[in-house]
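# Fold and geometry: a report
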Amino acid sequence: CKSSGNFKNLRFVESVSFACCIESEGDISGVMDIHKFLGWKGVRIAGLVVESKKGIFEKSALAGQLQSLDGVTVVPFADLDWLGDMKEGVATDFFEIKSNLHINFNSTQPFVLQRIAQRANADMVIGMQNQVNIPFNFIVAGKDGEVLSNIEYLNQIFHYLNIINK
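As a starting point, this report considers the structure included with it.

Reading guide: rules and limits
Residues numbered from 1 in each chain as written. Predicted model: local features only at pLDDT ≥ 70, side-chain atom pairs only at ≥ 80, totals over all residues. Heavy atoms only, no water. Helix = DSSP H or I, 4+ residues; strand = E, 2+ residues; numbered from the N terminus. Contact = heavy atoms within 4.5 Å. Areas by Shrake-Rupley, 256 points an atom, 1.4 Å probe, with all protein chains shown as cover. Phe/Tyr/Trp six-rings, centres within 6.5 Å; stacked < 30°, edge-to-face > 60°. Buried < 20%, exposed > 50% of the residue type's maximum accessible area, 1.4 Å probe, protein only.

This part is about the overall build of the protein. When you go through the protein residue by residue, the secondary structure sums to six helices and six strands. Secondary structure elements of the protein occur, N-terminal to C-terminal, as β-α-β-α-α-β-α-β-α-β-β-α. Of the contacts made within the protein by residues no fewer than 6 positions apart, 66% connect residues no fewer than 24 positions apart. Here the protein displays about 8800 Å² of accessible surface, and carbon together with sulfur accounts for 49% of that area.

So, in structure tokens, the structure goes:
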């Protein structure tokens with residue numbers, strides 16, 4: 001994990017990177033909601049969206065909107081290797097961006113997103129609770145193991161950051 005572990009200055013989060021996998025058109029809408037939420041928070045956004053099932057982007061009417069989101073990089077299925085990891089040289093610009101927080105939306109596709117979290121250039125890496133929480137500095141879990149919606153997850157993250165910073 002490239003995170004610095006320096007959590008003293010998170011009172012004023014200025015930049016957030018995030019990563020998530022797209023398995024359905026509903027996931028594309030979810031990314032647009034994430035982008036809107038972070039925009040409301042007034043932070044600089046860098047997003048990495050991975051097509052984890054072949055053909056979702058080409059079949060979706062929302063794919064054009066997704067690709068036009070400022071700060072969001074889309075990784076098509078063709079850029080994944082046979083293990084489901086990104087091929088060498090994919091999304092290098094994303095990994096050069098320094099952010100205060102990196103948020104992993106990893107509830108269903110942990111491998112490629114864990115690899116992204118390991119490479120994220122962030123002060124703090126946050127993930128949803130799953131079987132392998134290794135790359136995360138901070139883990140958010142739903143009550144009794146419940147999977148949180150993207151917006152509930154973001155609300156929990158910012159809620160806990162406010163508590164930590166008091």
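More follows now that the structure is in view.
This structure, assessed with the given rule, holds five aromatic pairs. Look at F105 and Y153: their rings are 5.1 Å apart centre to centre, the planes differ by 80 degrees, and that puts the pair in the edge-to-face class. Remark: Y153 occurs in helix α6 (residues 150-164) and F105 occurs in strand β4 (residues 99-105); sequence separation between them is 48 residues. The two residues F105 and Y153 agree in class, both being buried. Taken together, the aromatic side chains of F18, F105 and Y153 make up a single cluster linked through ring pairs.

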